[in-house]
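# Inside the fold
Letter by letter, the chains look like this.
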Protein chains: 2
Amino acid sequence: MAKKYVYLFREADGNNRALFGGKGANLAQMTRLGMPVPPGFTITTEACTRYYNDGRKIAPEIIDEVFATLAIVEKEAGKKFGDPENPFLVSVRSGARASMPGMMDTILNLGLTDISVEGLAKQTSNPRFAYDCYRRFIQMYSDVVIGIGKDYFNRIIDQVKEEKGVTLDTELTAEDLKELIAKFKDFYFKSQGEEFPQDPKVQLIGAIEAVFRSWDNPRANIYRAMHDIPYDWGTAVNVQSMVFGNMGDTSGTGVAFTRNPATGEKKLYGEYLMNAQGEDVVAGIRTPATIDHLKETNPQVYEEFVRIANNLETYFRDMQDMEFTIERGKLYMLQTRNGKRTAQAAIKIAVDLVKEGLCSEEEALLKIDPKQLDDLLHPQFDAKEIKKHTPIAKGLPASPGAGCGKIAFTAEEAAERAAAGEDVILVRLETSPEDIQGMNVAKAILTARGGLTSHAAVVARGMGKCCVTGCGALIIDEEAHTLTVNGKVYTSDDELSVDGSTGNVYEGRLPLTEAQISGDFSTVMSWANKYRVLKVRANADTPADAATAYNFGAEGIGLCRTEHMFFEKDRIAAVREMIVADTREQREAALAKILPMQKSDFIGIYKEMHGYPVTIRFLDPPLHEFLPQKEEDILALAAEMKIPVAKLKERIASLHEFNPMLGHRGCRLSVTFPEIAEMQTRAVIEAAIEVNKAGGNVKAEIMIPLIGEAKELKYVKSIVVNTAEAVMKELGVKVDYTVGTMIEIPRAAITADAIGAEADFFSFGTNDLTQMTFGFSRDDADKFLGDYYDKKIYEFDPFKKLDQTGVGELVKIAVQKGKSANSKIKLGICGEHGGDPSTVEFCHDIGLTYVSCSPYRVPIAILAAAQAAIKSKK
Amino acid sequence: MAKKYVYLFREADGNNRALFGGKGANLAQMTRLGMPVPPGFTITTEACTRYYNDGRKIAPEIIDEVFATLAIVEKEAGKKFGDPENPFLVSVRSGARASMPGMMDTILNLGLTDISVEGLAKQTSNPRFAYDCYRRFIQMYSDVVIGIGKDYFNRIIDQVKEEKGVTLDTELTAEDLKELIAKFKDFYFKSQGEEFPQDPKVQLIGAIEAVFRSWDNPRANIYRAMHDIPYDWGTAVNVQSMVFGNMGDTSGTGVAFTRNPATGEKKLYGEYLMNAQGEDVVAGIRTPATIDHLKETNPQVYEEFVRIANNLETYFRDMQDMEFTIERGKLYMLQTRNGKRTAQAAIKIAVDLVKEGLCSEEEALLKIDPKQLDDLLHPQFDAKEIKKHTPIAKGLPASPGAGCGKIAFTAEEAAERAAAGEDVILVRLETSPEDIQGMNVAKAILTARGGLTSHAAVVARGMGKCCVTGCGALIIDEEAHTLTVNGKVYTSDDELSVDGSTGNVYEGRLPLTEAQISGDFSTVMSWANKYRVLKVRANADTPADAATAYNFGAEGIGLCRTEHMFFEKDRIAAVREMIVADTREQREAALAKILPMQKSDFIGIYKEMHGYPVTIRFLDPPLHEFLPQKEEDILALAAEMKIPVAKLKERIASLHEFNPMLGHRGCRLSVTFPEIAEMQTRAVIEAAIEVNKAGGNVKAEIMIPLIGEAKELKYVKSIVVNTAEAVMKELGVKVDYTVGTMIEIPRAAITADAIGAEADFFSFGTNDLTQMTFGFSRDDADKFLGDYYDKKIYEFDPFKKLDQTGVGELVKIAVQKGKSANSKIKLGICGEHGGDPSTVEFCHDIGLTYVSCSPYRVPIAILAAAQAAIKSKK
């Protein structure tokens, strides 16, 4: 039997959104519920996929099926497509599996021609209405199917309105509209070299094809990329009998939500316009009335709508976003869907739905998009206030939140001025690891260069710090300490306001609202904690970050990067001394200076974690990152260190690497300089002993980075264990510590059985693992990934969402091999991916012990972990 | 039952070299064959492994087992260890699984003490002999077990000889030797603070431990690295009753080969010394006699030795290297092993053994070390002549062969002077891709920097060109065009001779001998071709390389890198024009200039391959490699290209990459600039059509590099196929072409099922695959891999020998997945590893179709492929 591509609403399976799209599935449900849905049919998403596979052509058998199904609807309606007396008109709308509001195209009033419009006029005794429909159709069809922008037609409308001396479309008479139609058709002919199509069948196929095509338009592509919607899902097409909101003053059209999508308040929320069709409501020419108004003007329709709305909410067990039309006093439901909502509303609605008994805690948890929680966790600009200001520049929204302060042009300056109590915004061309301290104290970070995965962006997200990157309009003169934007010069005395959620930069200081964790939020978190299996830890390098993580519910530190500590101003001198050392003794002398500082870092972090495990990663970056590269900085450092410039230059040259990512870093440093691992182990153990003495219960997990071979781990581990045992013997106290490794090199995943035999835990470093598995570096890939997205080779950024096909397969291999060698092995993930909900679900499914993410993403990961557990139980 | 660590020679399994080592296994065989072997026992390699696992301690139960076994041998000998009347003496020697001549330690005459030496003197009525043994023992024991260098003792000997007025050791009387012993012991006491050990059991355990320890001495480590011998094999220890060659004029000792190890000639070859012990033969103080001389002086012993030698050769079916001692006219065999031999001898012996019916062709093939063939394939310095010269410097033997010529300091200069008919040696700090042409025409390449895997080394090996890298003694002044070595200045007029097989550099021009492929060599190759399953192709980028490859037996080109063609002087201008282009049109115009050149390259290569397949890899390196980096070169290029310097600099800056290895290269270039792939496809197809017209039968295989995802291959393949079909339609002719990909990114291996569905072939690019799987780059890893070798984390260079555990596992995954998706898929390897025998064996075992290596390694790969097939049949 041939595959069926077209289904009447009453035939379609309302639970199969994959095949019928969200709109089609819900129309099917509403039809079966006996709600007043204009009849019609859905062309499946498979037809869309086939359209693309067939080289963007609709197969003849699908066209046949469309018309065969149309004939059934026509028959039932007692009208006929293109009939000069009693024409059947339809709307054609897209409907993807996931709702993509406004992303794709809609055509109304399809089926009108020069002849049938007269039939419609006669039949309805309402020529004005008929011509209004036709002019709308010509305009929409030309825009959506042919690609002639709406503006051309709007200009013609404006011209006619001016001639007629009217301001509203509704003031145009039937004759005016007839004249307008003639002008539209004339313009169409001139621009296309042919008449506006007069065959409704041609119109219909054109419209269907336009919907299919719209799946690949730039708007849709961007929306999909933002929302992780796969390209191969395709869209369904819904063809529905027209009902008319523009049939006069007893007709109208509107949209409504069952609850307030901004606050979550349980109260019908929406607006409508009488004598109008769908697009008028949003066009903003006439001001729509609120839905409450309908209660007064048309209580019967209002009551019916309220009843239907309530039924829909109960049926779908979620807040609904509905579109309706009133045709000559009769209510029709055009569509319903789970409504988009703000994070705040999502939380409140979820809690309310449970309170109202509409759904279970598990179901309620599944209704909240974990990514949205981000909005609740950072300070924001006041929403009303922000509308009054125009941004002076716009960059990439690299890390959410908002910040205000005076401009600091260097990290040092930022640090000094912040220490003096000033609020500063760090403004840089781009940031580097040396800027860490300045970034840490700034209220926001703003860079002229770099993408969403640049150093500034990654570090800022880790810090939960507002950051805008790639703001090309900034002209920064670091020497003169000036910032020029659109010709206006700003200095260190000027204030900026930076919105990391939108990428907007404003002049002056705008009012902020602090992050609110309302009672409902904590209810949701407590449910999530109840249902999740996966533990959630945070990546934190400082006691402050650790405290934030703990407060957000983290159950340990999954990644404490020790190198960030090395960059701090009072330490880098000793670090540099160590790097420039010629002998082991000199190196050890320098390391001895770092030891107490490193130890005090660990003490601070242990304390903040209150007995939860802390995974400390040993020194990872290549040593050249700690040395300056610019001539002037080198001269200054040589003078400071009292060593010959030539010697310093020689050392810098000797550390040069062609591919630093693939160079002398990670555990390779410990193989070459075991004394570094010795110092770090001593700091870990001594700090633990000290905290335990004061009543603590430290669980230290020493993590060796960049392992690629079991013998390598065995070697470094022996240094760690020997040192730890020596320190504990020296001080006469035992400490709970384990030794594990990051799995971030493909070879480590492949040989995870041998490595697992030596490791107490694996932590998947999916940032590096992604780089090496794909063979491209995060810093360099931005240059070509754009082309990859355009050409649909990759659909999402593998540095944000774990590539489950490739990288994930390696992770699975490593999990299976690691467990086979060591059944007690702890398994976690500590890459940037740890806070990505789809990755969290993957981690749950493959049986990891925990995920670790930046402190501000802990609640997101907790919710995602709960969702994963609930989904896998189903 | 406890594990047995000690076996009498007659108990041991002569076929188990892994357990008893080569020497122990062969002593067992000889014992069973009834040959005159002094009795003794072998301590297994497992005891050595246990020694290291136990923290370099011999376990008490092993010590007990040693003495229990010793007691058996003592009893049979009727002597007793340390007996004052009739002392039992032993030798202690190492014996690893693979023969490591001279790499580890031997101790003779063990068991002598102040008391037992008197017993020996009395018992043999030969005090001089007894004291000679004792003084030798003290010296050897002090050296090997205690670590007091032999020279201290030799100085004492010289002093005594001077006092006594004699020149030879044998001229010293018993009394002289007694005096010497006193002095030795005195020196020992002074340096050690204790007496020379007088307990033979302590001596024995000390000696055994010394042998175990010697497995980890630097000499042994280097030897193992050179010969791919794993560290964890360990060494066995052989304890054997002493027989004495120093018992007077009817005693002696010697070594002999059953055939000439230099030429392979079938004739006993060796030397011996009367009244001597082992070390005297090699010490060079007395000149040994040739083995022929023994025939005259002691025909009976000679006849017996010849009989034994023949029996051993027949038994072991290979040329033997034997050690023997004559004690008072009686012959003893101390050891036998398959003899080391030159490449030339190896070939001749293999062919002769088959002719003589001693072994089959398959067995004979297994006796030749494929790596050795390298020596036969390059011009060499005359072996006798070279001994007369002292090198002025020594670098790394990066690519074998020899070359003489005048010094050229730049690639351009080399190209010009070579074109003018001069022989030049290209002398550079290091080379870069721009130097290719100069490297190609030079007689040898000599660099001051870079390792065995530097650009110069890799490219030179590919070209089969003599190359020495990392020659630190060179001080090169590129501007002044001078080379200074040890204070002596050389200019462009001076000649050098470079030996790529040893790393030596000589002044002047030394005589060369051309590579000889003798009749025996071609016999061996024809056998190899008969037995191998794996096909062997070559990596070749030029018609000249293709011709060499064809002549050496290559069955196609497995890797033709097109970028080398782009670097040629007359082309790089067009390439740069393409890179600097702002629009697709400009790029296409530049590419149109490259097309005819590229086409003519392919025509040349197709012709040389006479219908064998040619795999052409599309442009691979990042574009910045084609642009200059130095200020002066940039200025010159901007002027040449008639574009503003700023524009060129901007373009260079925009191409900068943090990690070029992980950057915008390979197929990523074709995704961004499809026109490059279009041009290359056109060149491939047009060239094939032209060659076919002239009677050729081209099989073009278009290879897309750096694929990481099936959709990526699909995209690039569609460009290739569309272009190829268009060209064929245009010209009205069909061409046999296929499209495949390199598997060189871990993700490609992991997703090889999806990729395999799109590919006609996979070629494993194991260079890049190794870099990405290990997460270190070839260029940067040299800085730390030394420490890894020292610490036994890695034991071999994964860029030379494929890492079967990690990278090999990915290759296996890809083979299995690729075949599952496409049962007809062709599978090859084209990394540097393709010519490494152990990798060839791996490729055979996992079922690849072919290996591809540099033309000069084709015979090596052919032999290795045959060996792999023969071994897997067994």
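Owing to the predicted nature of the structure, the values given are computational and were not obtained by experimental measurement. (Residues numbered from 1 in each chain as written. Chains lettered and ligands numbered in written order. Predicted model: local features only at pLDDT ≥ 70, side-chain atom pairs only at ≥ 80, totals over all residues. Heavy atoms only, no water.)

A word on the environment of A:His389. Residues and elements named next belong to chain A. Relative to the helices and strands, His389 resides in the loop between helix H15 (383–386) and strand E14 (393–394). By relative accessible area, His389 is classed as partly exposed at 30%. Along the backbone, His389 and Tyr506 are 117 residues apart, and their C-alpha atoms lie at a distance of 7.4 Å. Not counting residues within four places of it along the chain, the set of residues in contact with His389 comprises Tyr506 and Leu510. (Helix = DSSP H or I, 4+ residues; strand = E, 2+ residues; numbered from the N terminus. Buried < 20%, exposed > 50% of the residue type's maximum accessible area, 1.4 Å probe, protein only. Contact = heavy atoms within 4.5 Å.)

Residue and element names in this part refer to chain A. For the coordinates displayed, the defined rule picks out 136 salt bridges over all chains. Asp435 is the partner of Arg428 in a salt bridge, and the nearest nitrogen-oxygen pair spans 3.3 Å. For Arg428, a relative accessible area of 12% translates into the label buried. When its relative accessible area of 5% is taken as the criterion, Asp435 is described as buried. Bridged by salt links that share partners, the residues Asp132, Arg135, Arg136, Lys161 and Asp169 form one connected network. (Salt bridge = Lys/Arg side-chain N within 4 Å of Asp/Glu carboxyl O.)

Residues and elements named next belong to chain A. A rise of 1.5 Å per residue sets the reference length of helix H22 (residues 569–580), with its 12 residues, at 16 Å; its end C-alpha atoms lie 17 Å apart and thus fit the reference within 8%. For H22, the full list of buried residues reads Arg571, Ile572, Ala574, Val575, Arg576, Met578, Ile579 and Val580. Looking at the packing, one finds that the buried side of H22 touches helix H21 (563–566), helix H23 (584–609), helix H24 (631–641), helix H25 (645–655) and helix H27 (674–693). (Expected span 1.5 Å × (residues − 1).)

All names here are of chain B. Within the secondary structure layout, Lys819 lies in helix H33 (residues 807–821). Distance in space between the C-alpha atoms of Lys819 and Gly756 is 7.3 Å, their sequence separation being 63 residues. Discounting chain neighbours no more than four positions away, the residues touching Lys819 are Ile825, Leu827, Ile846 and Gly847.

What follows is about the sheet that holds strand E21 (residues 482–485) of chain A. All names here are of chain A. Here three strands make up an open sheet; going across it, the order is E20-E21-E22 and the pairing antiparallel. Looking along the sheet, the strands with just one partner apiece sit at the ends: strand E20 (474–477) and strand E22 (488–490). Going from strand to strand, the sheet's axes swing by 25° on average, the running direction of each strand aside. Across three bridges, E21 lies against E22 in antiparallel orientation. Directly across from Val485, in E22, lies its bridge partner Lys488. (Pairing = 2+ DSSP bridges. Axes fitted to C-alpha atoms, helices over the stretch in contact; angles between N-to-C directions.)

On to the packing of aromatic side chains, then. Considering all chains together, one arrives at 60 aromatic pairs over all chains under this definition. Aromatic side chains A:Tyr550 and A:Tyr612 sit 6.1 Å apart centroid to centroid with 55° between the ring planes, which places their arrangement in the tilted category. In this pair, A:Tyr550 is assigned in helix H20 (residues 543–551) and A:Tyr612 in the loop between H23 and strand E28 (613–617), connecting sequence segments 62 residues apart. Aromatic side chains A:Tyr788 and A:Tyr794 sit 5.5 Å apart centroid to centroid with 15° between the ring planes, which places their arrangement in the stacked category. The lysine or arginine in question, A:Lys4, covers the ring of A:Tyr7, its NZ or CZ lying 4.9 Å from the ring centre. Between the NZ or CZ atom of B:Arg778 and the centre of the ring of B:Phe799, over which it lies, the distance is 5.9 Å. (Phe/Tyr/Trp six-rings, centres within 6.5 Å; stacked < 30°, edge-to-face > 60°. Lys NZ or Arg CZ within 6 Å of the ring centre and 35° of its normal.)

So, on to the packing of H24(A) against H25(A). All names here are of chain A. Orientation of H24 relative to H25, taken along the N-to-C sense of each, is 125°, at an axis distance of 9 Å. Relative to H25, the element H24 lies oblique. For the crossing formed where H24 meets H25, the hand is right-handed. Contacts from Glu631, Ile634, Leu635, Leu637 and Ala638 in H24 reach Val645, Leu648, Lys649 and Ile652 in H25. Considering only residue class, the contact of H24 with H25 consists of seven nonpolar, no polar and two charged. (Parallel < 35°, antiparallel > 145°, perpendicular 65-115°, else oblique. Left-handed = near helix turned anticlockwise from the far one by under 90°. Nonpolar A, V, L, I, M, F, W, Y, C, P; charged D, E, K, R; others polar.)

In screw terms, the move from chain B to chain A is a rotation of 179° and a rise of 0.0 Å along the axis, fitting with an RMSD of 0.2 Å. The transformation just described matches what one would write down for a two-fold rotation axis. Every residue of chain B has its C-alpha some distance from the rotation axis, and the shortest such distance is that of B:Asn659, at 2.2 Å. Counting the interface residues of chain B, we find that 100% of their copies in chain A are interface residues as well, pointing to one common contact surface. (Least-squares fit on C-alpha atoms with pLDDT ≥ 70 in both.)

Another aspect to go through is the interface of chain B and chain A. Listed by partner, the interface residues are 51 residues for chain B and 51 residues for chain A. Both sides of the chain B and chain A interface together cover about 4,300 Å² of buried area, and 57% of this is carbon and sulfur. Contact with chain A buries area across many residues of chain B, yet B:Leu662, B:Arg747 and B:Ile793 alone supply 15% of it, more than any other trio. Summed over the shared surface of chain B and chain A, the result is four salt bridges. Put simply, chain B and chain A have 26 residue pairs in polar contact (both at pLDDT 80 or more) between them. Within the residue set of the side of chain B that touches chain A, elements represented by two or more residues are helix H25 (645–655), helix H26 (667–672), helix H28 (710–731), helix H29 (746–750), helix H31 (766–774), helix H32 (778–790) and H33 of chain B. Broken down by element, the side of chain B that touches chain A gets its largest block of residues, six residues, from H32(B). (Buried area = accessible area lost by both parts, 1.4 Å probe. Polar contact = N/O pair within 3.5 Å; in protein donor to acceptor, adjacent residues only side chain to side chain.)

Residues and elements named next belong to chain B. The phi torsion at Arg317 lies on the positive side, around 55°, for a residue other than glycine. Inspection of the secondary structure assignment puts Arg317 in the loop between helix H12 (299–316) and strand E11 (320–327). Here Arg317 falls in the partly exposed class, since its relative accessible area comes to 34%. Located in the positive-phi region is His481, a residue other than glycine, with phi close to 55°.

Moving on, we get to the packing of helix H2 (residues 45–53) of chain B against helix H8 (residues 200–214) of chain B. Residues and elements named next belong to chain B. One way to put it is that H2 packs onto H8 with a least axis distance of 10 Å and a crossing angle of 80°. For the element pair H2 / H8, the angle class is roughly perpendicular. Across the interface between the two elements, Ala47, Cys48, Tyr51 and Tyr52 from H2 touch Glu209, Phe212 and Arg213 from H8. When the residues that make up the contact of H2 with H8 are grouped by side-chain class, the tally is five nonpolar, no polar and two charged.

Empty pockets left among the atoms are what a rolling probe the size of a water molecule brings to light. Inspection of every chain in the model, using the stated rule, returns three cavities of 30 Å³ or more. Space inside the largest cavity adds up to approximately 50 Å³. Lining the largest cavity are A:Lys783, B:Pro622, B:Leu623, B:His624, B:Leu655, B:Glu657, B:His664 and B:Leu669. For the lining of the largest cavity, a count of residues per class yields four nonpolar, two polar and two charged. Taken as a whole, the second largest cavity encloses approximately 40 Å³ of empty space. (1 Å grid on protein atoms, 1.4 Å probe; cavity = no way out; pocket = protein on both sides within 12 Å on 5 of 7 lines; lining within 4 Å. Points joined across faces, edges and corners; volume = space filled by probe spheres on them.)

The next subject is the nonpolar core. In terms of nonpolar packing, the biggest core is built from 296 residues, with A:Tyr606, A:Ile704, B:Tyr606 and B:Ile704 touching the most fellow members. Residue contacts for B:Ile704: discarding those within four places in its chain leaves B:Phe618, B:Cys667, B:Leu713, B:Val716, B:Val720, B:Val739, B:Gly740, B:Thr741 and B:Met742. (Core = buried A, V, L, I, M, F, W, Y, C linked by side-chain atoms within 4.5 Å.)

So, about helix H31 (residues 766–774) of chain A. H31(A) sits mainly inside the fold: nine of its nine residues count as buried. Among the residues of H31(A), those classed as buried are A:Thr766, A:Asn767, A:Asp768, A:Leu769, A:Thr770, A:Gln771, A:Met772, A:Thr773 and A:Phe774.

The predicted model of chain A has a mean per-residue pLDDT of 92, with 98% of residues at 70 or higher. At the level of chain-chain contacts, confidence expressed as ipTM amounts to 0.85, with global pTM at 0.86. (pLDDT = per-residue confidence, 0-100.)

All names here are of chain B. Counted residue by residue, strand E28 (residues 613–617) has five buried out of five residues, so it is predominantly covered. Here E28 shows a buried face lined by Pro613, Thr615 and Arg617 and a second buried face lined by Val614 and Ile616. Judged from the three bridges that link them, strand E27 (residues 557–561) and E28 form a sheet pairing that is parallel. Paired with Ile557 across the bridge in E28 is Val614. Pairing geometry for E28 and strand E29 (residues 699–704), over five bridges, is parallel. Paired with Ile616 across the strands is Ile702, a residue of E29.

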